[in-house]
Amino acid sequence: MLSTDLSQVERWRRRRAEVAAASPDRRRELLADTARRTRRNVVRMIRTAGQGHIGGDFSVADILTTLFSHTLRVDPAAPSARGTDRFILSKGHCAASLYSTLADAGYFPLRALDTFMAPLSELNGHPNRVKVPGVETNTGPLGHGLPVAVGQAVAARLTGSDTRVFVVLGDGELQEGSNWEALMAAAHLRLDNLILIVDRNRLQQGARTEDTNGLEPLEARLRAFGCEVRRADGHDFDALIEAFLPATENGPVAVIADTVKGKGVSFMEDRVEWHHKVPTEDQVEQAMRELA
Amino acid sequence: MSAEAADVAASVAVPVHDNRAAFADELLRLAREDDRIVAVCNDSVGSSNLVAFREEFPDRLVNVGIAEQNMVGVGAGLASFGLIPFVCAASPFLTARSLEQIKADVAYSQHPVILCGMSPGLAYGELGPTHHSPEDLSWLRALPGIDIVVPADRRQTRQAVVAAARQPRPTFIRVGRFKVPDVTPETSTLRRGRFDVLRGGDDVTIIAAGTLVSRALVAAAALRVSGVDARVLNAAYIAPLDVDAIRAAAFETRAIVTAEEANVSGGLGAAVASVVGELPARARVPLRVLGMREFAPTGSTEFLLGYFGLTAEDLVRAAEDALSDG
């Protein structure tokens, strides 16, 4: 198990306080800085490891930044402590973005990112809660995060906790039936402390979602399953912050975050091959220039 | 069967009990003492004997409906929040439909979920192979990090529930529906990762699990009449495996017979074989693995146990055959 980096936690706390107190313009700047740092870390990690899922890492980066730098009530010095919020990245293949976000908050030292997917590293290609603080459950096979989040939301209610449970799903992942089992239960149990966020980048491994096994009409489907559906530009921090507000109806919230796979690097954006392609040295240089 | 063996058979054959009642009773008792205990089920409130639990603790019974993948994931979520979930469903659906959830959300994530495989093995008799779970031991034994408990009778079923509640860890408990006699001594305790020696003997060892334990005792009595001393081990834990007891059986007796209401592909017998096969040549004693090798035809549980060669007489024959091979 990696250990907490308390000095990094302190830096993260100061930044969070600054974000909380900032004007809207300044808040956008601060969050954009963090998200850019995440993307730069991801490029370095995937270059070193020679593998990874860079497209999805980039589409989810602004969502993770908003959650960990603004919305989630968490304490990296005491992960999963009573009264804190819970976060699950169900699309576990985007571990690089998650690891960078967690390390930035001090859950573990930033230098551990250099070991991404190296032999015996705690930082596997998919997150492992037994080894990585801040990881709630081991994901990787798709369709696993939401059922676990439903269990946590039920547990929060049973124990009288005001914990909110956040879970990020890939859009292609919604083709897994287990998600719809979980949604039925979440609505039936009126879990207004559960919020699922769909990283709607419209691409899955080999093709567009709509050319593979179409998800549309996604809003109507989620609403029909009992969700309070919100739609947001997944790269607009203000819109995400508003979408992540507590439920106003008596059930789960579903945020469809419209995103761009590969967001932030021109030659990767909305290109299916960047699901798990590894950039060449020239491409790394160009990516780092664009993310400067 | 000799008169003596028949006497023993009569003494251990009646009365018989459905372990689910003991399971439900113990779970309810513990739930009164510990409010972290919750039950999760897939519409199986009745068949998992959870009606009384629901009446007393309606909020603490999470019925997710007919949705086993979500059921196991929900169990993991409850466990990750510090609760102690007993996830109850018919074993074929619990272990097959949600095997990946058991692997990733429970075993690999090390979430202390107690998976309760109700009515396992051939318990559903005439309902056929879709409703049988002779595969559950094979499937779960392939996963690191999860205990597999097969209680032999009411007492062990209660003990398994208590052990799981007191020290929660990823666990599968096979809760029998086919009625079996009490076989464990009143003073016995369930020890994690240990077989129970129910009968001493130096000629042959019979290692049996669940339903087959009482039959192993009957077989041992019959063998005694023909001058064969059979050691009977109750394999209440399949994982962790009692390697020491298997080694002792191989070094101290001349043959081993395993018997289980499960497929031979990866259950108790396969586990024993993998230990014995790696022993020094002098301890690689003849081994007979009794269990199932094909989907069951139509028949009651009792009929099918006979069909698959899992009667006391079959155990006697297997022991004699193995001994003659030595």
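Structure: above.
Residues numbered from 1 in each chain as written. Chains lettered and ligands numbered in written order. Predicted model: local features only at pLDDT ≥ 70, side-chain atom pairs only at ≥ 80, totals over all residues.

Quick word on the overall build of chain B
Heads up, the rule is: Labels follow the DSSP assignment, with helices taken as runs of H or I lasting at least four residues and strands as runs of E lasting at least two, numbered in each case from the N terminus. As defined in this context, the radius of gyration uses C-alpha atoms, and a globule is described by 2.2 Å times the residue total to the power 0.38. Backbone-placed C-beta atoms define the burial measure: a residue is buried with 20 or more other C-beta atoms within 10 Å of its own, exposed with 12 or fewer, and partly exposed in between.
Helix and strand counts for chain B stand at 13 helices and 14 strands. The C-alpha atoms of chain B give 19 Å as radius of gyration, which agrees with the globular expectation for 326 residues (20 Å, within 12%). Dimensions of chain B, computed from C-alpha atoms along their principal axes, come out at roughly 60 × 40 × 40 Å. Counting the 326 residues in chain B, one finds 60% classified as buried.

Quick look at the sheet that holds strand 3 (residues 61-63) of chain B
Residue and element names in this part refer to chain B. Filter applied, for reference: Here, any two strands with at least 2 DSSP bridges between them count as paired. Note on geometry: axes are lines fitted to C-alpha atoms, helical ones only across the stretch in contact, with angles between N-to-C directions running from 0 to 180 degrees. A residue pair is marked as a contact if its C-beta atoms, positioned from the backbone, fall within 7 Å.
Here 7 strands make up an open sheet; going across it, the order is 3-2-4-5-7-6-12 and the pairing mixed. Two strands bound the open sheet, and with one partner strand each, they are strand 3 and strand 12 (237-239). For this sheet, the mean inter-axis angle between neighbouring strands, taken without regard to orientation, is 20°. Here strand 6 (residues 147-149) runs beside strand 7 (residues 171-175); their pairing, made up of 3 bridges, is parallel. Each bridged residue has a counterpart across the sheet, and for Asp147 the counterpart in strand 7 is Thr171. Contacting strand 2 (37-41), strand 4 (84-90), strand 5 (114-118), strand 6 and strand 7, helix 8 (residues 154-166) crosses the sheet at an angle of about 160° to strand 7.

What to know about the interface of chain B and chain A
Across the contact, 25 residues belong to chain B and 24 residues belong to chain A. Elements with a contribution of two residues or more to the side of chain B that touches chain A: helix 4 (68-80) and helix 6 (99-108) of chain B. In terms of residues, the side of chain B that touches chain A owes the most to one element, helix 4 of chain B, which gives 9 residues.

Looking at the sheet that holds strand 14 (residues 287-292) of chain B
Strand pairing in a sheet relies on backbone hydrogen bonds, with the paired strands running either antiparallel or parallel. All names here are of chain B. Spatial ordering of the open sheet is given by 9-11-10-13-14, a layout of 5 strands whose pairing is mixed. Of all the strands in the sheet, just strand 9 (196-199) and strand 14 have a single pairing partner and so form its edges. Neighbouring strand axes in the sheet, compared pairwise and without regard to direction, differ in orientation by 25° on average. Where strand 9 lies against strand 11 (residues 230-234), 3 bridges are found, and the strand directions are antiparallel. In the strand pairing of strand 11, Val197 is matched with Leu233. Contacts from helix 10 (residues 243-252) reach strand 10 (204-208), strand 11 and strand 13 (256-263), with the element oriented near 170° to strand 11. Here helix 11 (residues 268-276) sits on the sheet and contacts strand 10, strand 13 and strand 14; the angle it forms with strand 13, its principal contact strand, is near 145°.

Some details on unusual backbone geometry
Going from Glu216(A) to Pro217(A), the amide bond is cis rather than trans, its omega being 5°. On the secondary structure map, Pro217(A) appears in the loop between helix 7 (209-212) and helix 8 (218-224). The linkage connecting Ala239(B) with the following residue, Pro240(B), adopts the cis geometry, with an omega of -5°. The topology assignment puts Pro240(B) in the loop between strand 12 and helix 10. Within the chain, Met117(A) stands out as a residue other than glycine whose phi angle is a positive 65°. Assignment of secondary structure puts Met117(A) in the loop between helix 4 (95-104) and helix 5 (145-158). According to the C-beta neighbour criterion, Met117(A) is partly exposed, with 18 such atoms within 10 Å. Positive phi, normally seen in glycine, also occurs at Asn49(B), with a value near 55°. Within the secondary structure, Asn49(B) sits in the loop between strand 2 and helix 3 (51-56).

Observations regarding the pairing of strand 4 of chain B
Within a regular strand, side chains alternate between the sheet's two faces. All names here are of chain B. Burial analysis of strand 4 places 7 of its 7 residues in the buried class, the great majority of the element. Where strand 2 and strand 4 come together, 5 bridges link them in parallel fashion. From the neighbouring strand, Ala39 faces strand 4, where its bridge partner is Phe86. As paired elements, strand 4 and strand 5 share 5 bridges and run parallel to each other. For Val87, the partnering residue across the bridge sits in strand 5 and is Leu115.

Description of the pairing of strand 4 (residues 228-233) of chain A
All names here are of chain A. Rules: Think of it like this: strands point away, you trace from the first strand over the helix to the second, and a clockwise trace means the crossover is right-handed.
As paired strands, strand 4 and strand 5 (residues 253-258) are joined by 6 bridges and run parallel to one another. Among the inter-strand pairings, Asp233 is bridged to a residue of strand 5, identified as Asp258. Once the chain exits strand 4 it traverses helix 9 (residues 237-243) before rejoining the sheet at strand 5, and the crossover so formed is right-handed.

Observations regarding the nonpolar core
All names here are of chain B. Stated formally: Nonpolar core, as used here: buried Ala, Val, Leu, Ile, Met, Phe, Trp, Tyr and Cys residues forming one set through C-beta atoms within 7 Å. For every domain, the bounds stem from an assignment made automatically or drawn from a database.
Of all hydrophobic cores here, the largest spans 194 residues; its most connected members are Ile206, Ala219 and Ala319. In terms of residues, this core owes the most to one element, helix 9 (residues 212-225), which gives 10 residues. Of the residues that make up this core, three or more belong to each of domain 1 (3-14 + 186-325) and domain 2 (19-177).

Quick look at the environment of Leu146(A)
Residues and elements named next belong to chain A. Looking at the element boundaries, Leu146 is found in helix 5. Sequence spacing of Leu146 and Val284 is 138 residues, and the spatial spacing of their C-alpha atoms is 34 Å. Residues in contact with Leu146, not counting those within four places in the same chain, are Ser90, Val167, Leu169, Asn179, Ala182 and Leu196.

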